[in-house]
Amino acid sequence: VQLQASGGGLVQPGGSLRLSCTASGMISSINFMGWFRQAPGKQRDMVASITSDGSTYYADFVKGRFTISRDNAKVTVYLQMNSLRPGDTAVYYCAADPRTYYSSRAYWGQGTLVTVSS
């Protein structure tokens, strides 16, 4: 499985961005799809996830601001990010897993940089 992420960039505080991540390859095995982020010098944290049946999870620090969605036909996961803050600056990675949760078998995309700055 290969994951291609896109949509990062520079945005002012309060602005919005939409990230996309499309899977290819053995896509029939994918259930969990999610977004993680890693800021310089910090650990990688899960931001949001969605399973093939539409169950979602959001980290507390993005609840009410970010929305994850998924197009199963296109095997694509989206992350709509609104009300962005400087603290959201990070490299955002998408991940996919055959299970309903993130595991050591997860596949990873290459990451896309989101910079929130005035």
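Just so we're clear, the structure is a prediction, and the values are computed from it rather than from any experiment.

Trainee: How should I be thinking about the sheet that holds strand E1 (residues 2–6) in this particular structure?
Mentor: Remark on secondary structure: sheet strands pair via backbone hydrogen bonds, oriented parallel or antiparallel. Strand order in the open sheet formed by four strands is E1-E3-E8-E7, and the pairing between neighbours is antiparallel. Two strands lie at the open edges of the sheet, namely E1 and strand E7 (66–71), each paired on one side alone. Strand-to-strand twist in this sheet, taken as the mean axis angle between neighbours without regard to direction, amounts to 15°. Note: E7 against strand E8 (residues 76–81), six bridges, orientation antiparallel. Paired with Phe66 across the two strands is Met81, which belongs to E8.

Trainee: Quick question: what am I supposed to make of the packing of aromatic side chains here?
Mentor: Aromatic ring pairs: the centre-centre distance and the angle between the two ring planes describe each pair. The final tally for this structure, using the stated rule, is four aromatic pairs. Judged by centre distance (4.9 Å) and plane angle (55°), the ring pair of Phe36 and Tyr102 falls under tilted. With Phe36 in strand E4 (residues 32–38) and Tyr102 in the loop between strand E9 (90–97) and strand E10 (107–108), this residue pair connects regions lying 66 residues apart in the sequence. On the basis of relative accessible area, Tyr102 is assigned to the partly exposed category, the value being 36%. Through pairs of rings, three or more aromatic residues link up here, namely Phe32, Phe36, Tyr102 and Trp108. Over the face of the ring belonging to Tyr93 we find Arg44, whose NZ or CZ atom lies 3.8 Å from the ring centre. Over the ring of Trp108 we find Arg44; its NZ or CZ atom is 4.7 Å from the centre of that ring.

Trainee: How should the side chain of Arg70 be read in this particular structure?
Mentor: Within the secondary structure, Arg70 sits in strand E7. One buried charged residue, Arg70, remains without a salt bridge, the closest side chain of opposite sign being Asp53 at 7.4 Å. Only 3.1 Å separates the side chain of Arg70 from the backbone oxygen of Ile50, close enough to count as a polar contact. Here the side chain of Arg70 touches Asn72 through a polar contact of 2.7 Å, side chain to side chain. Those residues within four positions of Arg70 in sequence are excluded, and the remaining contacts are Ile30, Asn31, Phe32, Met33, Ile50, Thr51, Ser52, Thr76 and Val77.

Reading guide: rules and limits
- Residues numbered from 1 in each chain as written.
- Predicted model: local features only at pLDDT ≥ 70, side-chain atom pairs only at ≥ 80, totals over all residues.
- Heavy atoms only, no water.
- Pairing = 2+ DSSP bridges.
- Helix = DSSP H or I, 4+ residues; strand = E, 2+ residues; numbered from the N terminus.
- Axes fitted to C-alpha atoms, helices over the stretch in contact; angles between N-to-C directions.
- Phe/Tyr/Trp six-rings, centres within 6.5 Å; stacked < 30°, edge-to-face > 60°.
- Buried < 20%, exposed > 50% of the residue type's maximum accessible area, 1.4 Å probe, protein only.
- Lys NZ or Arg CZ within 6 Å of the ring centre and 35° of its normal.
- Lys, Arg positive; Asp, Glu negative; His and termini not counted.
- Salt bridge = Lys/Arg side-chain N within 4 Å of Asp/Glu carboxyl O.
- Polar contact = N/O pair within 3.5 Å; in protein donor to acceptor, adjacent residues only side chain to side chain.
- Contact = heavy atoms within 4.5 Å.

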